[in-house]
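Structural overview for review
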Amino acid sequence: MFRSMASKAICAGLAAVFLCTAAGCAKQEKVRCSNTYLDFFDTVTQIVGYETDEEVFSDNCDAVYSLLEEYHQLTDIYHSYEGVNNVRTVNKNAGIAPVEVDEKLIDLLEFSKEMCSSTGGMCNIAMGSVLSIWHKYREQGIDDPESAVLPPMDKLTEAAEHCSIDDLIIDREAGTVYLADPEMSLDLGAAAKGFAVERAAELLMSRGVADGYSINIGGNVRTIGKKSDGSDWAAGIQNPDTDSEQPYVVRIKLNDMALVTSGNYQRYYEVDGVRYHHIIDPNTLMPLNYFDSVSVLCGDSGMADSLSTALFNMPLDEGKRLLSGMDGVDAVWVFPDGSFDCTGGFEELIIDENFPRRK
């Protein structure tokens, strides 16, 4: 039984059962089922699976729902939940005391510290003090466009003094998290969705799913194997120009992999006709405009999520150098002039392309 009022399950052609009359038996064909939720991470979640039995799909969705609900609550920085110590709890206790948290949150925080190190600080979950300022000014600018202004740089610079990842103290044995700087705060927006998607994929595989499933949370896509009939999963890199009649930059094969995009075209506001998006460079404390979007393809959705943010804040050559030291990680960069560039591994998976290559 699905627990979301916003969810809907569609199983196309479940009546397509082929009777084996000669042997007196029934043979069922796997068909496409899907379920959609609006409950997690302020975006749409869709699960697609190919099953012979609708109840199996329903049970798998219920298990994933429960897991995603946990991660949604644990990583929330704005709301509290009864009986749950989450990131908001940790932030409120900065400089005061360690907070005992669920092991799932410790796993995510440790992973995020590793990604901060491997990207040279370009994906830093300890930037909450800076991001909260931008969030406030962005929301005000969206609500009242005529009065939209930029955050004062001196305010951002002061907040940036409280963004050291080293002040995030994790004690796995004690099960606690402590922010040593009383002025710092965490923001897991660059990691939480991808990490949760990967854990959901692991959960499905632990329940016997070997192929034929995909999970999509707000564009963070993870497939398990191929489709059950052996055909390829396909995914499109969204055109950043959302008013265009052409929806995709390129389409690629996406079998047993994750694809995550960071872009400037969904969460932004404008000041004096200039767009300021939500991806903030740790060095300049401003949104950069090297690209309209960066998409990362690899076997781990959490890694893809973190890397897409980091690469968005790096010049193309620096981003390619970073990826050259990582096995099985590829990317595509979409530029403001309507062209794109990509790594060799990404290029091998392209089905068709609608944008020109960058010269």
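Placed above this text is the structure.
To keep things clear, this report deals only with the structure shown in the data block.

The subject of this paragraph is the sheet that holds strand 7 (residues 168-171). Taken together, the 3 strands give an open sheet; going across it, the order is 6-8-7, and neighbouring strands pair in antiparallel fashion. Two strands bound the open sheet, and with one partner strand each, they are strand 6 (99-100) and strand 7. Sheet topology places strand 7 next to strand 8 (residues 176-179); 4 bridges connect them, and they run antiparallel. Each residue of the ladder has a partner; that of Asp171, found in strand 8, is Thr176. Its contacts with the sheet put helix 3 (residues 103-118) on strand 7 and strand 8, and the angle it makes with strand 7 is roughly 130°.

With antiparallel pairing, the 3 strands of this open sheet are ordered in space as 11-12-19. Each edge of the open sheet is held by one strand with a lone partner, namely strand 11 (234-238) and strand 19 (350-353). Each strand axis lies, on average, 20° off the axis of its neighbour in the sheet, ignoring direction.

This part covers the pairing of strand 14 (residues 268-271). Side chains Tyr269 and Val271 project from strand 14 onto a buried face, and the interleaved Tyr268 and Glu270 project onto a face without burial. In terms of strand pairing, strand 14 meets strand 15 (residues 274-277) through 4 bridges, oriented antiparallel. Directly across from Tyr268, in strand 15, lies its bridge partner His277.

Let us now look at unusual backbone geometry. Working note: non-glycine residues mostly have negative phi, and peptide bonds are mostly trans. Despite not being glycine, Asp256 shows a phi value in the positive range, around 55°. Looking at the element boundaries, Asp256 is found in the loop between strand 12 (248-253) and strand 13 (258-263). Relative accessible area serves as the criterion here: at 42%, Asp256 is assigned to the partly exposed category. We note that Asp272 has phi near 55°; this positive angle belongs to a residue other than glycine. Position of Asp272 among the secondary structure elements: in the loop between strand 14 and strand 15. Accessibility expressed as a relative area gives 78% for Asp272, which makes it exposed.

A word on the packing of aromatic side chains. A full pass over the atoms with the stated rule returns 12 aromatic pairs. Centre to centre, the rings of Tyr37 and Tyr65 are 4.8 Å apart; their planes meet at 70°, and the pair counts as edge-to-face. Of this pair, Tyr37 sits in strand 4 (residues 31-37) while Tyr65 is found in helix 1 (residues 54-74), placing the two residues 28 residues apart along the sequence. Judged by its relative accessible area of 0%, Tyr37 is buried. Classification of Tyr65 by relative accessible area gives buried; the value is 6%. Judged by centre distance (6.0 Å) and plane angle (65°), the rings of Tyr50 and Trp233 are edge-to-face. With Tyr50 in strand 5 (residues 45-51) and Trp233 in the loop between strand 10 (220-224) and strand 11, this residue pair connects regions lying 183 residues apart in the sequence. Across this residue pair, the class does not change: Tyr50 and Trp233 are buried. The ring of Phe195 is capped by Arg199, whose NZ or CZ atom sits 4.3 Å from the centre of that ring.

Conventions used here
Residues numbered from 1 in each chain as written. Predicted model: local features only at pLDDT ≥ 70, side-chain atom pairs only at ≥ 80, totals over all residues. Heavy atoms only, no water. Pairing = 2+ DSSP bridges. Helix = DSSP H or I, 4+ residues; strand = E, 2+ residues; numbered from the N terminus. Contact = heavy atoms within 4.5 Å. Axes fitted to C-alpha atoms, helices over the stretch in contact; angles between N-to-C directions. Buried < 20%, exposed > 50% of the residue type's maximum accessible area, 1.4 Å probe, protein only. Phe/Tyr/Trp six-rings, centres within 6.5 Å; stacked < 30°, edge-to-face > 60°. Lys NZ or Arg CZ within 6 Å of the ring centre and 35° of its normal.

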